[in-house]
Amino acid sequence: MKRLIACVLTSLVFLTPALSAELKVGDAAPDFSMVGSDGKTYTLSELNKQGKAVVVAWFPRAFTGGCTKECQSFKSDGVKMRDYQVAYFTASNDPAEQNKKFAESLGADYPILSDPDSSVSTKYGVFNPERKAALRWTFYIGADGKILAIDKTVKTETHGADVASKLGELGVAKSKK
C-alpha cells in the first residue's frame, strides 16, 4: 500500500508541471516560424528584433462561418491595428495552400499563418486534438517577446476592432508615420 501511495504521489509531482504549463501573461511567448498566406515565413523573434509587438489570433478552420467573420473583421479593421507598431496575423492548423485560398477569397490584406503539423498551436496550448484544430484564442505579445494578454473570449464579428482597442489598452507603441 505504501508503494502505491508513493507511486501516486510521485506521479502527481511529475504531472503537475505539465498541468500548470498553460501560458500566462508575463511568460515568454514560444518562438515560432510559420508560413503566411503570402508565401513568406514569419518568425516571432525576428519580428521582435524589428521592435514590433505581435498579435496571433488562432481560429479553428478556414472557410467556416465564424472564422470567415473573424478574418473579415481583421481586414476591415486592419487600418486601426496599423496605428500601432504591431505585426498581426490570424492562424490555423490548415495547410498553407488552404490558407492562401482562404485569404484570396476574403481579399485579406494581412497574412494568415499556417501550422499544419500543430507544433506551434501545441506550444501555445490552443491545439484541440479531438477536433484537430486550434481553439479561438488571441495572443498579444510585446516587442520584448513577453505575453501581454490572452483573449479566450473572441467575438468574431468585432475582433479586428477589439484587437486595435486592446493594443491601445496595453500601451503598445504607436506607429511612426
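About the cut-offs
Residues numbered from 1 in each chain as written. Predicted model: local features only at pLDDT ≥ 70, side-chain atom pairs only at ≥ 80, totals over all residues. Heavy atoms only, no water. Pairing = 2+ DSSP bridges. Helix = DSSP H or I, 4+ residues; strand = E, 2+ residues; numbered from the N terminus. Axes fitted to C-alpha atoms, helices over the stretch in contact; angles between N-to-C directions. Phe/Tyr/Trp six-rings, centres within 6.5 Å; stacked < 30°, edge-to-face > 60°. Buried < 20%, exposed > 50% of the residue type's maximum accessible area, 1.4 Å probe, protein only. Lys NZ or Arg CZ within 6 Å of the ring centre and 35° of its normal. Contact = heavy atoms within 4.5 Å. Expected span 1.5 Å × (residues − 1).

Engineer: Just checking my understanding: could you explain the sheet that holds strand β8 (residues 138–141) for this structure?
Structural biologist: Each strand in a sheet pairs with its neighbour through backbone hydrogen bonds, running either in the same direction (parallel) or in the opposite one (antiparallel). Pairing is mixed across the open sheet formed by seven strands, whose spatial order is β2-β1-β5-β4-β3-β8-β9. Only two strands of the sheet have a single partner each, and these edge strands are β2 (41–43) and β9 (147–151). Direction aside, the axes of adjacent strands within the sheet are offset by 30 degrees on average. Across four bridges, β8 lies against β9 in antiparallel orientation. When the bridges of β9 are listed, Thr138 appears paired with Asp151.

Engineer: What am I meant to see in the packing of aromatic side chains here?
Structural biologist: Where two aromatic rings form a pair, the distance of their centres and the angle of their planes describe that pair. The tally for this structure, following the rule as stated, stands at nine aromatic pairs. Taken together, a centroid distance of 5.8 Å and an interplanar angle of 35 degrees make the contact between Tyr88 and Tyr110 tilted. Pair noted here: Tyr88 is in strand β4 (residues 86–92) and Tyr110 is in the loop between α5 (96–106) and β5 (112–114), with a separation of 22 residues, a long-range link. This pair shows no difference in class: Tyr88 is buried, exactly as Tyr110 is. Ring-pair connections join several aromatic residues into one group, and the members of that group are Phe32, Tyr124, Trp137 and Phe139. Lying across the ring of Trp137, Lys152 places its NZ or CZ 4.4 Å from the centre.

Engineer: Quick question: what am I supposed to make of the environment of Tyr124 here?
Structural biologist: Within the secondary structure, Tyr124 is located in the loop between α6 (119–123) and β6 (127–128). Considered as a pair, Tyr124 and Trp137 are 13 residues apart in the sequence and their alpha carbons are 9.6 Å apart. Ignoring anything within four residues of it in the chain, the contact list for Tyr124 reads Leu23, Ala29, Pro30, Phe32, Leu44, Trp58, Phe139 and Ile141.

Engineer: Is there a simple way to think about the environment of Gly51 in this case?
Structural biologist: Along the chain, the position of Gly51 falls in the loop between α2 (44–49) and β3 (53–58). Assessed through its relative accessible area of 30%, Gly51 is described here as partly exposed. With residues up to four places along the chain from it excluded, the contact list for Gly51 reads Gln85 and Ala143.

Engineer: Help me understand helix α3 (residues 65–76) in this model?
Structural biologist: Compared with an ideal rise of 1.5 Å per residue, which puts twelve residues at 16 Å, α3 spans 16 Å between its outermost C-alpha atoms and is within 8% of the ideal. On its buried face, α3 is in contact with β3, α4 (78–81), β4, α5, β5 and α7 (159–169).

By themselves these figures say nothing about function.
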